[in-house]
Amino acid sequence: MDFDFNKSIKTEYEIIRHTKTNSLAMLMIEILSRCVHCHSDLEIGMLLDGSIDLVIDNEVFSLKKNDIYIVNRYQPHSFYSHKNHNKIVIFLINHALYKNIAPDIIYKTNHIKYDEKYNSLYKTVFECAMCYASDTNFTEIGASAKVLDLIYQLTKVANPFIDEQSTKQSKSKAKHLQKITDFIFEHHAENISLTDIADLVSLSTYYVSHFIKKMTGMTFTAYLNSIRFDHAFSLITKTNLRINDICCETGFSDSRYLNRMFKEKMGVDLQEYRKNMDRIELPLTDQPYMTVQTHVPQSKFMSELEKYYEENLKE
């Protein structure tokens, strides 16, 4: 699993590369945790196996096998799995694919629980994935056609509405989120305050405080300390720096606070862990500010889809 603390802990404004078609990307992935991020694409996913929690605006959606989820454009979201196994097929749909034939749809329903009455919807997801994974000619046309059908079918079950103003507001919030979290990530070792963040985005401290809480699920202080902790954890496990030096490097003013936070999160005393690092197995954190995920290679898409079809959709 990819597990680079230094590179993965900040909230991300994700830029999607649409490699097979200009406007559609498909991923098959297992996620342990995925930090808060957002992007300009409409995201539609279906669990092929296992379970995972999706967090949107502090609301937790517990996804299980065959469930479908929807993340609207510019909607900040995160995933965490509590170490549960899962496999997800994800479609990232650029607005360019449908903007000339349909308005910018916003779905109120983010989670569609498995129900046999939605079988045609599940088959459309599967057919779109199969088409995308195929090596035959013109598959990009077929996959695009199928995903347009998927968007249409979702309008019947996911309570869509059309509001260009809401999309503009979401885009603005996404930009604020990126700016704020990038600043925290870059300056977490310094003595930064909520006032610094408010000045950065030219908003009141009251608004920024509630904005960070809504977008990340944590207070400003908790989010800042989570970034500091992840950096500290990386230094603890990868260097021989003294604990006091690690505190200076990461922004912790007191080694006692880092020790207490380490024990709360990892269940073991920091000094004890450092002495017996090779023999102590730490629990993987469930916090959504970390990114731990494994991609299924594109060469294996088809075999995984065929396996799923045999087990779930073949009549």
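Keep in mind that this is a model prediction, so the values were computed, not measured. (Residues numbered from 1 in each chain as written. Predicted model: local features only at pLDDT ≥ 70, side-chain atom pairs only at ≥ 80, totals over all residues. Heavy atoms only, no water.)

Bringing the packing of aromatic side chains into the picture now. According to the stated counting rule, one finds nine aromatic pairs in the structure shown. With 6.0 Å between their ring centres and 15° between their planes, Tyr207 and Phe211 make a pair best called stacked. Linking Tyr207 with Phe211, this pair stays in helix α6 (residues 205-216), spanning four residues, or about one helical turn. For the pair Phe229 and Phe262, a centre-to-centre distance of 6.1 Å together with 50° between the ring planes defines the contact as tilted. A residue pair is termed long-range when its members are at least 10 positions apart, and Phe229 in helix α7 (residues 220-238) and Phe262 in helix α9 (residues 255-266) qualify at 33 residues. Residues Phe229 and Phe262 agree in their burial class; the two are buried. The rings of Phe229, Phe233, Phe262 and Tyr273 are connected pair by pair, giving a single aromatic cluster. Lying across the ring of Phe229, Lys265 places its NZ or CZ 5.6 Å from the centre. (Phe/Tyr/Trp six-rings, centres within 6.5 Å; stacked < 30°, edge-to-face > 60°. Helix = DSSP H or I, 4+ residues; strand = E, 2+ residues; numbered from the N terminus. Buried < 20%, exposed > 50% of the residue type's maximum accessible area, 1.4 Å probe, protein only. Lys NZ or Arg CZ within 6 Å of the ring centre and 35° of its normal.)

Another aspect to go through is the environment of Glu59. Counting through the fold element by element, Glu59 comes out in strand β4 (residues 59-64). With 155 residues separating them along the chain, Glu59 and Lys214 place their C-alpha atoms 9.7 Å apart.

Our next topic: the pattern of salt bridges. Counted according to the given criterion, the structure contains four salt bridges. Residue Glu127 pairs with Lys146 through a salt bridge whose shortest N-O separation is 2.9 Å. You can see Glu127 sitting in helix α2 (residues 119-133) and its partner Lys146 sitting in helix α3 (residues 139-154), a full 19 residues away along the chain. Given the relative accessible area of 35%, Glu127 is considered partly exposed. (Salt bridge = Lys/Arg side-chain N within 4 Å of Asp/Glu carboxyl O.)

Moving on, we get to the packing of α7 against helix α8 (residues 243-250). How two helices sit against one another is set out by the angle between their axes and by the gap between those axes. Where α7 meets α8, the axes come as close as 9 Å, and the angle between the chain directions of the two elements is 140°. When the interaxial angle is binned, α7 and α8 end up oblique. For the pair α7 and α8, the crossing hand works out as right-handed. Contacts between α7 and α8 involve Arg228, His231, Ala232, Leu235 and Ile236 from the former and Ile246, Glu249 and Thr250 from the latter. Taken together, the residues that form the contact of α7 with α8 break down as four nonpolar, two polar and two charged. (Axes fitted to C-alpha atoms, helices over the stretch in contact; angles between N-to-C directions. Parallel < 35°, antiparallel > 145°, perpendicular 65-115°, else oblique. Left-handed = near helix turned anticlockwise from the far one by under 90°. Contact = heavy atoms within 4.5 Å. Nonpolar A, V, L, I, M, F, W, Y, C, P; charged D, E, K, R; others polar.)

Now for unusual backbone geometry. Even without glycine at this site, Asn66 takes up a positive phi of about 80°. Taking relative accessible area as the criterion, Asn66 reaches 11% and is therefore assigned buried. Non-glycine residue Phe138 carries a positive phi angle of around 65°. You can call Phe138 exposed: its relative accessible area is 61%.

Right, let's talk about the confidence of the model for the protein for a bit. With 89% of its residues at a pLDDT of 70 or more, the protein has an overall mean of 84. Low pLDDT (under 50) marks residues 1-13, which in the prediction has 51 contacts with non-local residues, meaning those over four places away or in another chain. The model gives residues 285-289 a pLDDT under 50, and that stretch makes 19 contacts with residues more than four places away or in other chains. (pLDDT = per-residue confidence, 0-100.)

A separate point is the pairing of strand β7 (residues 86-93). Across the eight residues that make up β7, a large majority, eight, are buried. Every second residue of β7 is oriented toward a common face, with Asn86, Ile88, Ile90 and Leu92 on one face and Lys87, Val89, Phe91 and Ile93 on the other, all of them buried. Pairing of strand β3 (residues 42-56) with β7 involves eight bridges; the strand directions are antiparallel. For Leu42, the partnering residue across the bridge sits in β7 and is Ile93. (Pairing = 2+ DSSP bridges.)

What follows is about the packing of α7 against α9. Packing of α7 against α9 leaves a shortest axis separation of 11 Å and a crossing angle of 90°. With respect to α9, the element α7 is oriented roughly perpendicular. Here Asn225, Ser226, Phe229, Ala232, Phe233 and Ile236 of α7 come into contact with α9, specifically with Tyr257, Leu258, Met261, Phe262, Lys265 and Met266. Looking at the contact of α7 with α9 residue by residue, the class counts come to nine nonpolar, two polar and one charged.

The next subject is α7. Under the 1.5 Å per step criterion, the end-to-end length of α7 is 27 Å for 19 residues, consistent within 8% with the ideal 27 Å. With respect to burial, α7 is a largely interior element, 15 of its 19 residues being buried. (Expected span 1.5 Å × (residues − 1).)

On the secondary structure map, Ala133 appears in helix α2. For the pair formed by Ala133 and Leu305, sequence separation is 172 residues and the distance between their alpha carbons is 8.8 Å.

Formed by 52 residues in total, the largest nonpolar core has its most connected members in Phe91 and Ile93. The contact partners of Ile93, leaving out residues within four places of it in the chain, are Ser23, Leu24, Asp41, Leu42, Ile44, Tyr98, Val147 and Ile151. Listed in part, the 19 residues of the second largest apolar core include Val36, Ile192, Ile212 and Met218. (Core = buried A, V, L, I, M, F, W, Y, C linked by side-chain atoms within 4.5 Å.)

Along β3, twelve of the 15 residues are buried, which leaves the element largely enclosed by surrounding structure. Pairing analysis gives six bridges linking β3 to β4, with the strands arranged antiparallel. Opposite Ile52, over in β4, you have Leu63 as the bridge partner. Remark: two residues form the turn of the hairpin made by β3 and β4, two consecutive strands paired antiparallel; Asp57 in that turn has positive phi of roughly 50°. Looking at chain direction, β3 and strand β6 (residues 77-80) are connected through four bridges and run antiparallel. Looking at β6, one finds that Val55 is bridged to Ser78.

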